[in-house]
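Secondary and tertiary structure notes
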Amino acid sequence: MKKYFPLFFIICSILLVVIGLNLFWLRSSDKDDKKIVMPSARITVYTTLPVEEVAPIASEYEKLNKVKVNFVILSQQELCNKISSPSKPLNGRGDLLLTDRNLLELAEKKEILNTYSSEQEDVISPNLKSKKDMWVGVWYDPIVFCINRDFMKMSTNVPYTWTALAKTPNIKIGMTDFLASNTASQLFYSLIEAYGIKKTFILLKEIHPKVVQYAKYLSTPVRMAGMGDSDISIALQSEAIRYYNNGYPLAIIVPEDGTYFDLTGVGLLKNAPNVSEAGRFMQWLLGDDVQLCLEDNAFFFIPTNATTLAYKNFAVKQFKIFNTDKITLTTKQKAKLMDDWVKNIRLN
């Protein structure tokens, strides 16, 4: 047995050397792989979108393009203050704004955006982008009537307009409080611009007794309709689709006499440090990949680019929209009208 011991020792030594070399190779390969997937560039995007929406976008873009997208998430008021600041703190610090139409128009007015155009941007409808190529809409989300299907089957008087909604007797309505979110308040101001102050207040006064809850969140009215707590809810289409896909008995009607929609757009900041990469990201936001990413994470927006597969899969029908280009209410007038609604309708 002793005479085989040296041979056994040699074999074990060879095995240890082989195992060691394999481990070294594997660790080296892992390091090489990590080097390959490291982002080659970085862009900074100021946004008012929620983290659950932008986090998947950042992850998907980095995975596909090896570019790190740093989203700086701010409230509506915080970004408004930064845009309005005389010292222009956004200039040279970030690359893009990804936010709603109102803030993009303010940024354009304050001259902190740079012009940018591309083939993708060129096909976007003129009413969904800046006339001076300062920003472009990437997706939008209309306000709709979200109806409980059981109610719809039993009712012979389903409303298809705002006027009909106000006049329909014996219905339960769910809606988000106009004070609770920017989207809800913009609907309020859009109704006023479309119908005038007097008619709008008459409509809202007729709707008020039928409202079972003025919700704090945009998703609550949809859930109410899905669970039968309301017959009809005034809600964002994306929320209605999300609950519908989760099995809630819902139907969607876009008001025939017009509606408001949230428009999310993107604009290139002046003195952006990463113009080329920022431009490529803007183009990506107008394509199919971002829509697939959003839908995988239960966000269902209508893309502004009508040439995409995502837009065609939506089977988007033409609908009348309130012309937000003609909104002339000042900040002071808006505050006064909101106060009048609260005092004369909401609290009565």
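Quick look at the structure, then.

Thresholds, definitions, all that
- Residues numbered from 1 in each chain as written.
- Predicted model: local features only at pLDDT ≥ 70, side-chain atom pairs only at ≥ 80, totals over all residues.
- Heavy atoms only, no water.
- Helix = DSSP H or I, 4+ residues; strand = E, 2+ residues; numbered from the N terminus.
- Contact = heavy atoms within 4.5 Å.
- Salt bridge = Lys/Arg side-chain N within 4 Å of Asp/Glu carboxyl O.
- Core = buried A, V, L, I, M, F, W, Y, C linked by side-chain atoms within 4.5 Å.
- Buried < 20%, exposed > 50% of the residue type's maximum accessible area, 1.4 Å probe, protein only.
- Phe/Tyr/Trp six-rings, centres within 6.5 Å; stacked < 30°, edge-to-face > 60°.
- Axes fitted to C-alpha atoms, helices over the stretch in contact; angles between N-to-C directions.
- Parallel < 35°, antiparallel > 145°, perpendicular 65-115°, else oblique.
- Nonpolar A, V, L, I, M, F, W, Y, C, P; charged D, E, K, R; others polar.

In this section: the overall build of the chain. Tallying secondary structure elements over the chain gives 15 helices and 11 strands in all. The contacts of the chain with a sequence gap of at least 6 include a subset with a gap of at least 24, amounting to 75%.

Moving on, we come to the pattern of salt bridges. Taken as a whole and assessed by the stated rule, the structure comprises 10 salt bridges. The residue Glu 60 makes a salt bridge to Lys 63 at a minimum N-O spacing of 3.3 Å. Taken together, the residues span about one helical turn, with Glu 60 and Lys 63 both in helix H2 (residues 51-65) at a distance of three residues. In this structure, Arg 346 and Asp 177 form a salt bridge, with 2.9 Å as the shortest nitrogen-oxygen distance.

Counting 50 residues, the largest nonpolar core has Leu 97, Phe 281 and Leu 285 as its most contacted members. Ignoring sequence-local partners within four residues, the contact set of Phe 281 consists of Ile 43, Val 45, Ile 57, Tyr 61, Val 69, Phe 71 and Leu 96. With 37 residues, the next largest nonpolar core counts Ile 143, Leu 191, Tyr 195 and Val 342 among its residues.

All told, the structure shown has 16 aromatic pairs when counted by the stated rule. When the ring of Phe 188 is compared with that of Tyr 189, the centres are 5.4 Å apart and the planes differ by 55°; the resulting orientation is tilted. As far as the burial class goes, Phe 188 and Tyr 189 line up, both buried. For the pair Tyr 195 and Phe 322, a centre-to-centre distance of 5.9 Å together with 80° between the ring planes defines the contact as edge-to-face.

A word on the packing of helix H3 (residues 76-84) against helix H4 (residues 101-109). Here H3 crosses H4 at 10°, and the two axes come no closer than 9 Å. The orientation of H3 with respect to H4, classified from their angle, is roughly parallel. Residue-level contacts link Gln 76, Leu 79, Cys 80, Ile 83 and Ser 84 of H3 to Leu 103, Leu 106 and Ala 107 of H4. Here the contact of H3 with H4 is composed, by residue class, of six nonpolar, two polar and no charged.

Counting buried positions along helix H10 (residues 220-227) yields six of eight residues, so the element is predominantly enclosed. Taken residue by residue, H10 has Thr 220, Pro 221, Val 222, Met 224, Ala 225 and Gly 226 as its buried positions. The secondary structure elements touched by the buried residues of H10 are strand S5 (135-148), strand S6 (173-176), strand S7 (211-215), strand S8 (232-236), helix H11 (237-245) and strand S9 (250-253). Phi turns positive, to about 85°, at Gly 228, one or two residues after H10.

By themselves, these are just geometric observations and shouldn't be taken as functional.
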